[in-house]
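For reference, the chains in residue letters:
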Amino acid sequence: MSSELLTEFEVIHEKPRSFYATYERKEELQHQTHYCPGCGHGTIHKMLARAIDELGVQDRTVLISPVGCSVFAYYYFDVGNVQAAHGRASAVATAVKRTRPESVVISYQGDGDLSAIGSAEILHAANRGESIAVIFVNNAIYSMTGGQYAPTTLLGQKSTTTPLGRSAQNEGYPLRMSELLATLEAPVYIERVGLGDNKQIAQAQRAIKRAVENQVRGLGFSFVEVLSPCPTIWKLSPVESQRWVREVMEKTYPLGVLRDHTKEAQPRRWPEAVALESMPGILGLTDGEAVLPEELAAVGKPIDLQVRVAGFGGQGVLLLGEVLAEAGLDAGLEVSWLPSYGPEMRSGTSNCHVRLSREAIDSPLVTTPNVLVAMNEPSLKKFDKAVKPGGWVIYNGDTFPEECARADVHVLALPFTQIADELGDARAANMVMLGALLEMANALPQASVDAALRRLVKNAKYFALDERALARGRELFRAAEREMSHAG
Amino acid sequence: MRKQLMKGNEAIVRSAILAGCRAFYGYPITPASEIAEAAALYFSQVGGVFLQAESEVAAINMLYGASSAGVRCMTASSGPGISLMQEGISYMAGAELPCVIADLMRGGPGLGSINAEQSDYNQVVKGGGNGSYHTLVVAPSSAQEMADLTALAFELADKYRNPVFVLADGFIGQMMEPVVFPERAVAPVVPEWAVTGTRETRRNLITSLHLGCDELEAHIQHLEEKYRKAEREEQRAENWHTEDAEIVLVGYGMVGRILKAVTAEARASGLPVGLLRPITLYPFPVADLKRRARRARAFVVVEMSNGQMVEDVRLALNGVRPVEFLNRMGGNVPSHEDVLGLVRKLAGEMGLKVHAARSVASHEEQEQMAHV
């Protein structure tokens, strides 16, 4: 045949450009697919490739192939390819699309993959309205693994794991994914089509193109379920298989459009890139000045505060510790703050470990505190014995329980809650106690404490209250100290 | 930039964004939820993606998609969630997809408790998914290291095209310490192998499927070469007073911090004790352990688990030195006193002479990260 002769012909049907010319990723028989004669996948692949061609999006397309007979879709489609774990294609597609909004993402899944193991992923991708096109190939069976029952298997249909036929009692009823997803608000387009005859196939082609087109238009979730023959597993001829789609499958899975919002749907908005220079500011890392060495905490004595703060949840135990640690950092000290966490936060007791030191802090755990701030009696009883000899116990209570009395520790026991209440709010007891601690430790400049409080208490009213509470705590400690020295 | 007091869990997120991470897919779980919460706050502001997935299974597969599309991405969870992610982690290792996974360990097995443990060591360091693969694992022991090692994790993930774990006990995430971050943010780079929906990347394929026997064997051998390279180049440990140590304490994460306090106290009482704190758990700092074994006469491994890392220590030392083990579980913490008691008992048995107090130089002078 001469080339001149060829020009006399007009090519009206050829292999879609979105297929590879030869299937080089395949080990052998690179001119044909691995699908069985009469299998629906070949037809659906061709329709999808044609849609990609017609919409001119070959370069932009990313195809997610599932686990199942179509696991090797990447042998054939000359587009970007990602092969996903069993059932997870729609989760994978979600993130590909969100990462590359300009891409056209198609998740191609079978009925075992999508309706059984991947039922959660498809449901939530649909419910989020992910801007992806999902091609759902329903042949009512697990084909690749040799014909086991699927959630889509028809009642009475035999499979290798329902040898007597699917029974509603044991396996439940066939799962209608399209109808299920059509109950959701977000999907833009859902249609069930079939490959039962040429008329159905023509409609399937239109539906698949529409799903891809929706995505090109930037719209949301599109879902096309295709009732697809599997002659090999069904043990029917290709022609009989098509008839079975038409006459049997269709009764359980009626064809038609279940959702069409393509006219009114609005394109999805995507996040915009942000300049690198603005990142530290966004992350809140540019507040405040670096602490200079000359500003380092009050000269002189070594500082090694090992504080345990404990009380009921809601008493402000953690905040007390946090203000202390934050103030220490402001003053240029090494600090650590470690909370007890978990259900204790909701009720019962709460406690935290705080360390302030001039030296690097080895362990942030304070097992033998030199200061215990006990905001209630159970906390006192729990931690009192651990206090280092020569250390301090600051206790929220009028009378110090006798069984906790130790000759080798200093005690400041006052009704801090009541004192805070007199200041205007009983909840400020934590700050009154912190004030007493700060006065006792005499290690931090008040300016650092103010700065810490400003950072942690944004509300002006509470800030003012807490400042008063801290000052009151300092007074109370000084008064107690005077009393002690008189007594001494 | 000022040092800021923050939780390790918050440091991870900020560090990730500064390291060029723009995608976070996760699922809440105590004690890792602050990571998802901070990610939710910041990722949308920096033009990235935050999505709370329907499960950890979905979350890790979203990372598979995000990584396939060439963005630095991460997730965070704790034991039960990590168990669910093992499928996707195996796929990502197989498909050579980089990502960073933070595991803030809680108590197990099963629902266990939400208290801190170190019992995910085996499922993370040994690989809990199917197949012949490894994940690289870094183990921070401070809020600062949560930031620094997260940044390192992203570098390693890209260098080796492999998932990298930041493995920390719950304490390290919940604890607040001062943290300082790099001044400049890393610009995201799209790797050439990614599938991004462009003409240039159209021929790219991401898969873990290699159907032929020889083909799969060759693929696994290729992965193995990467792991051998990591074993040569990435072992990291903190050696603190190990030069003259006759008893070497070994522990990571919060235990590493406790052992530092014990080491300081033991040395103050004249005992020749040192601390070897693994910073990478895979590759395990085998070279450091072997080097210490030349002088040290005994090793003490302390863990908040039933004894998982201790097996790697024994494997590294291969019987040349005795390895003692001390542990607490369920959220309990090995006490300073218990470890010190064991050290004194060992010293007595070994007939170690107590010298005058040994120096404990300042943290900065002594702290050295060994890059083997």
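In this convention, every chain numbers its residues from 1, walking through the sequence in written order. The order in which chains are written sets their letters, starting at A; the order in which ligands are written sets their numbers, starting at 1. Residues qualify for local features only when their pLDDT is at least 70, as the model is predicted, and side-chain atom pairs are given and counted only at 80 or more; totals for whole chains, interfaces and linings, by contrast, use all residues.

**Student:** I'd like a description of the overall build of chain A, backed by residues and values.
**Tutor:** Secondary structure is summarised from DSSP: a helix means a run of H or I of at least four residues, a strand means a run of E of at least two, and numbering begins at the N terminus for each. Along its length, chain A carries 18 helices and 13 strands. The globule rule is 2.2 Å times the number of residues to the power 0.38, and the radius of gyration it is compared with is taken over C-alpha atoms. The C-alpha atoms of chain A give 36 Å as radius of gyration, which overshoots the globular expectation for 488 residues (23 Å, by more than 25%). If you line up chain A on its principal axes, its C-alpha atoms span 120 × 60 × 45 Å. Residues are called buried when their C-beta atom has 20 or more other C-beta atoms within 10 Å, exposed when it has 12 or fewer, and partly exposed otherwise; all C-beta atoms are positioned from the backbone. Every one of the 488 residues in chain A was classed for burial, and the buried ones make up 48%.

**Student:** Go over the packing of helix H1 (residues 8–18) of chain B against helix H2 (residues 33–42) of chain B with me, naming the residues and quoting the values.
**Tutor:** All names here are of chain B. Two numbers describe how H1 lies on H2: the axes approach to 8 Å, and their chain directions differ by 40°. The pairing of H1 with H2 is recorded here as oblique in orientation. Two packed elements cross with a definite hand, and for H1 against H2 that hand is right-handed. Each of Asn9, Glu10, Ile12, Val13 and Ile17 in H1 lies in contact with H2, whose residues at this interface are Glu34, Ile35, Ala38, Ala39 and Tyr42. Its residues placed into classes, the contact of H1 with H2 shows seven nonpolar, one polar and two charged. Axis geometry follows a simple rule: fit a line to the C-alpha atoms, using only the stretch in contact for helices, then measure angles between N-to-C directions, giving values from 0 to 180 degrees. Angle categories: roughly parallel below 35 degrees, roughly antiparallel above 145, roughly perpendicular from 65 to 115, and oblique for all the rest. Here a crossing is taken to be left-handed if its near helix is turned anticlockwise relative to the far helix by less than a right angle, and right-handed if that turn runs clockwise. Contact between two residues is assigned whenever their backbone-derived C-beta positions fall within 7 Å. The nonpolar class holds Ala, Val, Leu, Ile, Met, Phe, Trp, Tyr, Cys and Pro. Asp, Glu, Lys and Arg form the charged class, and all remaining residues, Gly among them, are polar.

**Student:** Kindly report on the packing of helix H15 (residues 416–423) of chain A against helix H16 (residues 429–441) of chain A, identifying the contributing residues and their values.
**Tutor:** Residue and element names in this part refer to chain A. Relative to each other, H15 and H16 sit at 110°, their axes nearing to 8 Å. Here H15 lies roughly perpendicular to H16, going by the angle between them. Crossing of H15 over H16 shows right-handed handedness. In this structure, H15 uses Phe416, Thr417, Ile419 and Ala420 to contact H16, whose residues at the interface are Ala429, Val432 and Met433. Here the contact of H15 with H16 is built from residues that sort into six nonpolar, one polar and no charged.

**Student:** Tell me about the sheet that holds strand E6 (residues 222–227) of chain A, residues and numbers included.
**Tutor:** A pair of strands counts as paired when DSSP detects no fewer than two bridges linking them. Read from one edge of the open sheet, eight strands run E7(A)-E5(A)-E6(A)-E4(A)-E3(A)-E1(A)-E2(A)-E10(B), paired in mixed fashion. Single-partner strands in this sheet number two, and they are strand E7 (256–260) of chain A together with strand E10 (205–206) of chain B. Direction of pairing for strand E3 (residues 104–110) of chain A relative to strand E4 (residues 133–138) of chain A: parallel, over a ladder of five bridges. Looking across to E4 of chain A, one finds that Gly110 of chain A is bridged to Val137 of chain A. The strands touched by helix H2 (residues 40–55) of chain A within the sheet are strand E1 (61–65), E3, E4 and E6 of chain A, with E4 of chain A carrying the most contacts at an inclination of about 165°.

**Student:** Can you break down the pairing of E6 of chain A residue by residue, with the values?
**Tutor:** All names here are of chain A. Most of E6 is tucked away: six of the six residues are buried. Note: E4 against E6, six bridges, orientation parallel. Directly across from Asn138, in E6, lies its bridge partner Leu227. As paired elements, strand E5 (residues 189–194) and E6 share six bridges and run parallel to each other. Each bridged residue has a counterpart across the sheet, and for Val193 the counterpart in E6 is Val226. Following the chain from E5 across helix H9 (residues 198–216) to the adjacent parallel E6, one finds a crossover that is right-handed. For the handedness criterion, the strands are oriented away from the viewer, and a crossover whose path from the first strand over the helix to the second runs clockwise is classed as right-handed.

**Student:** Which residues make up the nonpolar core, and what values do they have?
**Tutor:** Defined on buried residues, the nonpolar core groups Ala, Val, Leu, Ile, Met, Phe, Trp, Tyr and Cys residues joined through C-beta atoms within 7 Å. Counting residues in each nonpolar core, the largest one holds 266 residues, and the members touching the most others are Ile64, Ile135, Val373 and Met433 of chain A together with Leu63, Val100 and Val300 of chain B. Apart from residues lying up to four places away in sequence, Ile135 of chain A is in contact with Ile44, Leu48, Ile106, Tyr108, Ile208, Val224 and Val226 of chain A.

**Student:** So, the domain arrangement of chain B: which residues are in play, and what are the values?
**Tutor:** Residues and elements named next belong to chain B. Note that domain bounds follow an automatic or database assignment of domains. By the assigned domains, chain B splits into domain 1 (4–233) and domain 2 (237–370). The distance between the C-alpha centroids of domain 1 and domain 2 comes to 29 Å. Listed as interface residues are 24 residues of domain 1 and, on the opposing side, 22 residues of domain 2. Counting residues per element, the ones that place at least two in the side of domain 1 that touches domain 2 are strand E6 (113–116), helix H5 (121–125), strand E7 (136–138), strand E8 (163–169), helix H7 (170–174) and helix H8 (213–233). When the residues that make up the side of domain 1 that touches domain 2 are grouped by side-chain class, the tally is twelve nonpolar, nine polar and three charged.

**Student:** Which residues make up unusual backbone geometry, and what values go with them?
**Tutor:** For the bond running from Thr30 of chain B to Pro31 of chain B, omega is 5°, close enough to zero to count as cis. Residue position: Pro31 of chain B is located in the loop between strand E2 (23–26) and H2. The omega torsion of the bond from Gly108 of chain B to Pro109 of chain B falls at 5°, within 30 degrees of zero and hence cis. Positive phi outside glycine occurs at Ala140 of chain A, with the angle close to 65°. Tracing the sequence through the fold places Ala140 of chain A in the loop between E4 and helix H7 (168–171). A positive phi angle, near 45°, is found at Asn442 of chain A, a position not held by glycine. Checked against the element boundaries, Asn442 of chain A lands in the loop between H16 and helix H17 (446–456). By the C-beta count within 10 Å, which is 11 here, Asn442 of chain A ends up exposed.

**Student:** Describe in detail the domain arrangement of chain A, supporting the description with residues and values.
**Tutor:** A common measure of how large an interface is: the accessible area buried when the components associate. Considered domain by domain, chain A is made up of domain 1 (13–260) and domain 2 (297–487). The distance between the C-alpha centroids of domain 1 of chain A and domain 2 of chain A comes to 64 Å.

**Student:** Describe the environment of Ser241 of chain A, and please don't skip the residues or the numbers.
**Tutor:** Residues and elements named next belong to chain A. For Ser241, the location among the structural elements is in helix H11 (residues 238–252). What makes Ser241 buried here is the crowd of 25 C-beta atoms within 10 Å. When the C-alpha positions of Ser241 and Gly38 are compared, they lie 7.9 Å apart, and in sequence the two are 203 residues distant. Residues contacting Ser241, with those up to four places away along its chain left out, are Gly38, Pro229, Cys230, Pro231, Trp234 and Leu236.

**Student:** Any chance you could break down the interface of chain B and chain A for me, citing the residues and the numbers?
**Tutor:** At the interface, 68 residues of chain B touch 64 residues of chain A. The greatest single-element share of the side of chain B that touches chain A, amounting to eight residues, is contributed by helix H3 (residues 56–68) of chain B. The class makeup of the residues in the side of chain B that touches chain A is 34 nonpolar, 24 polar and ten charged. Here strand E2 (residues 80–83) of chain A pairs with E10 of chain B via two bridges, running parallel.

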